[in-house]
Amino acid sequence: ILVASCAALVIQSLAANLGVVTGKHLAEHCRAEYSKVPNFLLWVVAEIAVVACDIPEVIGTAFALNMLFHIPVWIGVLLTGLSTLMLLAIQQYGVRKLEFLIAFLVFTIAICFFVELHYSKPDPKEVLHGLFVPQLKGNGATGLAISLLGAMVMPHNLFLHSALVLPRKIPRSATGIKEACRFYLIESGLALTVAFLINVSVISVSGAVCNASDLSPEDRAKCEDLDLNKASFLLRNVVGKWSSKLFAIALLASGQSSTITGTYAGQYVMQGFLDLRLEPWLRNFLTRCLAIIPSLIVALIGGSAGAGKLIIIASMILSFELPFALVPLLKFTSCKMKMGSHANP
C-alpha cells in the first residue's frame, strides 16, 4: 500500500502535468503519435482496464446490498445497474459536481473505517512494522500484493487525470504552468493521503479482528481465507453488529465513487483514441454490461467466494496492464512537456 501510494502520486502527477503543459490528454497524444494498429491495440487494452475496474465495483456494491438488505449477491449484481441512472442524473450538472460527489463518498468511506479502526484497536507498532517491512505470508499473498498495485494505480486513471485538468483555466505562461503543476501535485497528494489512510485502516481492522483473543474456531477459519462477505460477519461477531453495517456503507460508497471515475475515464479513452464521442448513458451502459455479465456468471456459479476471487483477478489484470499506459505517458512527458515549456517562455 505504501509503495503503491507513492507510485500513484508520481504517475498521476505526470499525467496531470502532461495535460497542463500540452493542452491534450494522454489518449489524444497516443492517437496523434502512433499508427493505426498500435493505437487500436492500446485502446483495446485501455477499455479492458475500464471493465476490469468496473467488475470490483459491481461485486462490491452487490456485497454491500447483501450486507445491508440481505439481497442475494447475484440479484445485487443486477441492481448495480441502477447506479448508472444515478450517475446520469448528476452528469447534467457538470464535472465539478461529480468531483464534489466523489469527495463526499470518499469522506463517507474514511469516516466508516476510522470508526472501525477506533473500536478494533490494532497495535500501532504492528501497523508501522507492516508498513515499512514488506512481507508475503500465507496462501495467495503474492497475488494479493499484485492486485493491490492495480487497484491503487489503475491504468485508465492516467488517461483520466491528464484530461480532468483541461477544462480548468490555466495561464499560458511559464509561471502559470509551473504553479498549475504544483497545485495538481498538492491536490493529488492530499487525495492519495486520504486513500492511503483508508487502505491502511482496512488492512489494520482486518488484522486486528483476525488476531482478537476471543476469536471462535469458526471465525478463525474464516480468517484463513478472508473475503468481503466473511469480513462483514467477522466484524459483526468481534466488534459488534453495527460495525458490519458501517463496513457495508463504506463498501457501497466505494463502489459508487469507482463508477463515476471509471465512466469518465472510459469517455476520454474512447474520444481520445478513436475520436469517437458516444452519449454518456450509452457509454456507461455498455461498460456496465461488460462488467455485469462476468460478475453475474461467477456469482451464480461460485457464490460470494467466487465473486470475491473475481475481484482479485480483475485487480491483477489492472496491474499487468499498467505498463501499456505508463510507457506512453513517460514517452510523452519526456518530449511533449519540454516542447510545451519552450513554447511558453
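Everything numeric in this text was worked out from a predicted model, so none of it was measured. (Residues numbered from 1 in each chain as written. Predicted model: local features only at pLDDT ≥ 70, side-chain atom pairs only at ≥ 80, totals over all residues. Heavy atoms only, no water.)

1. Let's talk about a nonpolar patch on the surface
So, step 1. A contiguous nonpolar patch, built from W74, L78, I293, I297, L300 and I301 and spanning about 640 Å² of accessible area, is present on the exposed surface.
So, step 2. Elements with a minimum of two residues in the nonpolar patch: helix 4 (73–79) and helix 14 (280–343).
So, step 3. Turning to its location among the elements, I301 is positioned in helix 14.
So, step 4. Relative accessible area serves as the criterion here: at 74%, I301 is assigned to the exposed category. (Patch = residues over 30% accessible without salt bridge, like charges linked within 9 Å, V, L, I, M, F, W, Y side chains within 5 Å. Areas by Shrake-Rupley, 256 points an atom, 1.4 Å probe, with all protein chains shown as cover. Salt bridge = Lys/Arg side-chain N within 4 Å of Asp/Glu carboxyl O. Helix = DSSP H or I, 4+ residues; strand = E, 2+ residues; numbered from the N terminus. Buried < 20%, exposed > 50% of the residue type's maximum accessible area, 1.4 Å probe, protein only.)

2. Quick word on the side chain of S204
So, step 1. By the element assignment, S204 lies in helix 10 (residues 174–210).
So, step 2. For S204, a relative accessible area of 11% puts it in the buried group.

3. With respect to the nonpolar core
The nonpolar side chains of a soluble globular protein tend to be buried, and buried together.
So, step 1. Of all hydrophobic cores here, the largest spans 46 residues; its most connected members are I59, F63, V77 and F247.
So, step 2. Looking at this core, the elements that each hand over two or more residues are helix 3 (36–69), helix 4, helix 6 (95–120), helix 9 (155–164), helix 10, helix 12 (228–238), helix 13 (241–274) and helix 14.
So, step 3. With 12 residues, helix 3 is the largest single contributor of residues to this core. (Core = buried A, V, L, I, M, F, W, Y, C linked by side-chain atoms within 4.5 Å.)

4. Observations concerning the UniProt feature "transmembrane region" (unreviewed entry) in the protein
So, step 1. UniProt records the feature "transmembrane region" (unreviewed entry) for residues 67–88, 100–120, 140–160, 181–209, 246–265, 285–304 and 310–330 in the present numbering.
So, step 2. Annotated as 100% helix and 0% strand, the span residues 246–265 places its first and last C-alpha atoms 29 Å apart. (UniProt positions renumbered as here; feature names shortened; annotations may be inferred.)

5. So, the packing of helix 1 (residues 2–22) against helix 9
So, step 1. Running from N to C, helix 1 and helix 9 cross one another at 40°; their axes reach a closest spacing of 7 Å. What the angle tells us is that helix 1 and helix 9 run oblique. Judged by the sense of rotation from one axis to the other, the crossing of helix 1 with helix 9 is right-handed. Across the interface between the two elements, I11, Q12, A15, A16 and G19 of helix 1 pack against L158, H161 and S162 of helix 9. (Axes fitted to C-alpha atoms, helices over the stretch in contact; angles between N-to-C directions. Parallel < 35°, antiparallel > 145°, perpendicular 65-115°, else oblique. Left-handed = near helix turned anticlockwise from the far one by under 90°. Contact = heavy atoms within 4.5 Å.)

6. Quick word on unusual backbone geometry
So, step 1. For H70, which is not a glycine, the phi torsion comes out positive at approximately 60°.
So, step 2. Its place among the elements puts H70 in the loop between helix 3 and helix 4.
So, step 3. At K121, a residue that is not glycine, the phi angle is positive and equals roughly 50°.
So, step 4. Structurally, K121 can be placed in the loop between helix 6 and helix 7 (124–132).

7. Quick look at empty space enclosed by the protein
So, step 1. Evaluated as defined, the whole model comprises 1 cavity of 30 Å³ or more.
So, step 2. Reported here for the largest cavity is a volume of approximately 70 Å³.
So, step 3. For the lining of the largest cavity, the elements supplying multiple residues, two or more each, are helix 3, helix 9 and helix 14. (1 Å grid on protein atoms, 1.4 Å probe; cavity = no way out; pocket = protein on both sides within 12 Å on 5 of 7 lines; lining within 4 Å. Points joined across faces, edges and corners; volume = space filled by probe spheres on them.)

8. Focus on the environment of I109
So, step 1. Relative to the assigned elements, I109 resides in helix 6.
So, step 2. A residue is classified by how much of its surface remains accessible, and I109, at 8% relative accessible area, is buried.
So, step 3. On a C-alpha basis, the gap between I109 and S254 in space is 6.7 Å, while along the polypeptide they are 145 residues apart.
So, step 4. Among all residues touching I109, those that are not within four sequence positions of it are I198, A250, A253 and S254.

9. A word on the confidence of the model for the protein
So, step 1. Across the protein, the average pLDDT comes to 81, with 87% of residues at or above 70.
So, step 2. Mean pLDDT in the protein bottoms out at helix 5 (residues 82–91), which sits at 65, and peaks at helix 2 (residues 26–33), which reaches 92.
So, step 3. Ignoring residues within four places in sequence, the model shows residues 341–345, a span with pLDDT below 50, making 6 contacts including any to other chains. (pLDDT = per-residue confidence, 0-100.)

10. Observations regarding the side chain of Q12
So, step 1. Note on placement: Q12 falls in helix 1.
So, step 2. Looking at Q12, the relative accessible area reads 8%, which means it is buried.
So, step 3. In this structure the side chain of Q12 is engaged in a polar contact, spanning 3.3 Å, whose partner is the side chain of H161.
So, step 4. Not counting residues within four places of it along the chain, the set of residues in contact with Q12 comprises H161, S188 and L192. (Polar contact = N/O pair within 3.5 Å; in protein donor to acceptor, adjacent residues only side chain to side chain.)

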